[in-house]
Amino acid sequence: FLRSRFCKGLVYSQLGDALIAINPNRHMPFYGRDKVDEYQALDASLPPHVFSVGAQAYKHMCNSMESQVVMVVGEPGSGKSQAA
């Protein structure tokens, strides 16, 4: 599943509430202002993306008035800083 998505250029995959990211080890146009705006709408038809995780956490925080935690874990050099 992950390999087939990665081969199609889809480096993000959703697994329940978890987002799995595979570092493509090359520049990909994932992080522009246009992507931020696109994912702030919380459109469920959009493919998985790190910005959707942030938008969902922010929406839940505003609606529930509870703090939210987003964990970013992975091997050294796996792209955690780039994604965060």
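Treat the numbers as computed from the prediction; the structure is a model and nothing was measured. (Residues numbered from 1 in each chain as written. Predicted model: local features only at pLDDT ≥ 70, side-chain atom pairs only at ≥ 80, totals over all residues. Heavy atoms only, no water.)

### What to know about the side chain of Arg5
Note the threshold: Only runs of H or I of at least four residues qualify as helices and only runs of E of at least two qualify as strands under DSSP, and these elements are numbered from the N terminus. Think of it in three bands: residues with accessible area under 20% of the maximum for their type are buried, residues over 50% are exposed, and the middle band is partly exposed, with areas taken using a 1.4 Å probe on protein chains only. Under this rule, positive means Lys or Arg and negative means Asp or Glu; His and the chain ends count for nothing. Basic side-chain nitrogens of Lys or Arg form a salt bridge, by our definition, when they fall within 4 Å of a carboxyl oxygen of Asp or Glu. Here, two residues are considered to be in contact whenever any of their heavy atoms come within 4.5 Å of each other.
Relative to the elements of secondary structure, Arg5 occurs in helix α1 (residues 2–7). No salt bridge is formed by the buried Arg5, whose closest oppositely charged neighbour, Glu38, lies at an N-O distance of 13 Å. Non-local contacts of Arg5, meaning those with residues more than four positions away in its chain, are made with Leu10, Tyr12, Ser13 and Pro48.

### Thoughts on the side chain of His49
You can see His49 is positioned in the loop between α2 (33–40) and α3 (50–64). Ignoring sequence-local partners within four residues, the contact set of His49 consists of Tyr12, Leu19, Phe30, Tyr31 and Tyr39.

### Details of the environment of Gly74
For Gly74, the position within the fold is in the loop between α3 and α4 (80–83). Residues Gly74 and Val11, spaced 63 residues apart in sequence, show a C-alpha to C-alpha distance of 14 Å.

### Comments concerning the pattern of salt bridges
A complete count under the given rule lists 2 salt bridges for this structure. Note that Asp37 and Arg33 form a salt bridge whose closest N and O atoms lie 2.9 Å from each other. Of this pair, Asp37 and Arg33 both sit in helix α2, 4 residues apart, which is roughly one turn of the helix. With a closest N to O distance of 3.5 Å, Lys35 and Glu38 form a salt bridge. Here the residue Lys35 and the residue Glu38 both occupy positions in helix α2, the gap between them amounting to 3 residues, near one helical turn.

### Some points on the packing of α2 against α3
Describing two packed helices takes the angle between their axes plus the distance from one axis to the other. Convention followed: All axes are obtained by fitting lines to C-alpha atoms, using only the stretch in contact for helices, and the reported angles, taken between N-to-C directions, cover 0 to 180 degrees. The cut-offs work like this: below 35 degrees is roughly parallel, past 145 is roughly antiparallel, 65 to 115 is roughly perpendicular, and the gaps in between are oblique. Less than a right angle of anticlockwise turn of the near helix away from the far helix marks a crossing as left-handed, whereas a clockwise turn marks it as right-handed. Classification convention: Asp, Glu, Lys, Arg as charged; Ala, Val, Leu, Ile, Met, Phe, Trp, Tyr, Cys, Pro as nonpolar; all other residues, Gly among them, as polar.
Axis separation between α2 and α3 bottoms out at 9 Å; the angle between their running directions is 45°. The angle between the axes of α2 and α3 places the two elements in the oblique class. Classified by chirality, the crossing of α3 by α2 is right-handed. Of α3, the residues touching α2 (which contributes Lys35, Val36, Tyr39 and Gln40) are Phe51, Ser52 and Ala55. Counted by class, the contact of α2 with α3 contains 4 nonpolar, 2 polar and 1 charged residues.

### Regarding α3
We count it as follows: Multiplying 1.5 Å by the residue count of a helix minus one yields the expected span of that helix.
Here α3 is 15 residues long and its end C-alpha atoms lie 21 Å apart, about the 21 Å a rise of 1.5 Å per residue gives. For α3, the complete set of buried residues consists of Val50, Ser52, Val53, Ala55 and Ala57. One or two residues past the end of α3 sits Met65, with phi positive at roughly 60°.

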